[in-house]
Amino acid sequence: MPVLEVENLRKQYPKFLLDNISFSLDEGRIMGLIGRNGAGKTTTLKSIFNLVHPDGGEVRIFGLNMPADESEIKQRIGYAGGAVDYYKHKKLRDICAVTSAFYKNWDDSAYRKYLDAFSLDEDKTPLELSEGMRVKFSLTLALSHHAGLLILDEPTSGLDPVSRSELLDTFLFLKEKGVSILFSTHITTDIEKCADDITYIASGRLIASEPMTDFMRKNSDSGNGNSLEDIMVHYEKESLYEKLAD
C-alpha cells in the first residue's frame, strides 16, 4: 500500500488553477516534486497537509483520509516549509518545548542528535540564525518524532553546497530506515542525486509522475535533454511557444 496517494487534487485561485494532480509514493522512497516558481508545488504540498483546503480530489496517507483522519495522520508525518519564521525572538529550546508537546512519539535523543549534526545552538533565536540554519532547525523539528513520511517544501533552499550535500545524505539514510520523503525543489541537481521518483508540475498541470530512471530515459530518447535541467527547460519553452501561438 502506498504511503501517500493523491488523486485528482484541485485548487482554484483567482489567477491560478491546480488542475487534477495525481501521484503516489511508496514506503522507503524519495520523490522529487519539480516545476518552476509558481507552477503549483507549494499549493500541492500545503493541500496534502491540509494547510490550504483543496476544492476537489482525495489525499490518503498511510491508508487514512485527509482531512477526516488529520489528527492521527499528523502524528505520523513531518512537514517543513522552508526556514522557521515564527517565534523569531524565542530561543530554539523554547520553540522545541512547544513543538514537542504536540507529538506522542517525540524523541528528545533524536532531537539532540540532529541539533548536533546540524551544529545548532539552542540558546539562539531564529533572528540570530542564517537562512540556512533556520532551514536546518525546521528540519530538525520535522525529524524528531519518528515520522514515516516527510513532506518538505524547498528544504535545501538557502543552504551552502556542503550543508545541502549533508542534508541529501540524511535523506538517503532515512530512506534506508523506511522513511518516505516528498520534497519540492528548483535545484535539479539535488533531485538527480537522491530521488527515486519524480513528479513534474507545470502551470498547475501534471506533466509526469514516474520513477526517475524512466522519466530520464524517455526524455533522453525523445531528444528533450540528458539532464533534469535540460528537460525542464525544454518543456517550459514548449509551453511558452504554445502560449505565444495562441
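Refer to the structure presented above.
These figures come from a predicted structure and were not determined experimentally.

How each quantity is defined
- Residues numbered from 1 in each chain as written.
- Predicted model: local features only at pLDDT ≥ 70, side-chain atom pairs only at ≥ 80, totals over all residues.
- Heavy atoms only, no water.
- Helix = DSSP H or I, 4+ residues; strand = E, 2+ residues; numbered from the N terminus.
- Buried < 20%, exposed > 50% of the residue type's maximum accessible area, 1.4 Å probe, protein only.
- Lys, Arg positive; Asp, Glu negative; His and termini not counted.
- Salt bridge = Lys/Arg side-chain N within 4 Å of Asp/Glu carboxyl O.
- Polar contact = N/O pair within 3.5 Å; in protein donor to acceptor, adjacent residues only side chain to side chain.
- Contact = heavy atoms within 4.5 Å.
- Pairing = 2+ DSSP bridges.
- Axes fitted to C-alpha atoms, helices over the stretch in contact; angles between N-to-C directions.

> Give a description of the side chain of lysine 11 that names residues and reports values.
Tracing the chain through its elements places lysine 11 in strand 1 (residues 4–13). Aspartate 55 is the oppositely charged side chain nearest to the buried, salt-bridge-free lysine 11, at an N-O distance of 4.2 Å. There is a polar contact of 2.8 Å between the side chain of lysine 11 and the backbone oxygen of histidine 53. If we ignore the near neighbours within four places in the chain, the residues touching lysine 11 are Phe16, Leu17, Leu18, Thr43, His53, Pro54 and Asp55.

> Tell me what's going on with the sheet that holds strand 5 (residues 64–66), and back it up with residues and numbers.
An order of 2-1-4-5 is seen for the 4 strands of this open sheet, with the pairing classed as antiparallel. Each edge of the open sheet is held by one strand with a lone partner, namely strand 2 (16–25) and strand 5. Strand after strand, the sheet turns through a mean of 25° between neighbouring axes, direction not considered. Running over the sheet, helix 1 (residues 41–48) touches strand 1, strand 2, strand 4 (56–61) and strand 5 and is turned about 120° from strand 1.

> Tell me what's going on with the sheet that holds strand 9 (residues 197–202), and back it up with residues and numbers.
Taken together, 6 strands build an open sheet; the order of strands is 6-7-8-3-9-10 and the sheet is mixed. Each edge of the open sheet is held by one strand with a lone partner, namely strand 6 (77–80) and strand 10 (205–211). On average, adjacent strands in this sheet sit at an angle of 10° to one another, irrespective of strand direction. Direction of pairing for strand 7 (residues 149–153) relative to strand 8 (residues 180–184): parallel, over a ladder of 5 bridges. Across the sheet, residue leucine 152 finds its bridge partner in strand 8, namely phenylalanine 183. In the packing of helix 8 (residues 212–221) onto the sheet, contacts are made with strand 9 and strand 10, and the angle to strand 10 comes to roughly 115°.

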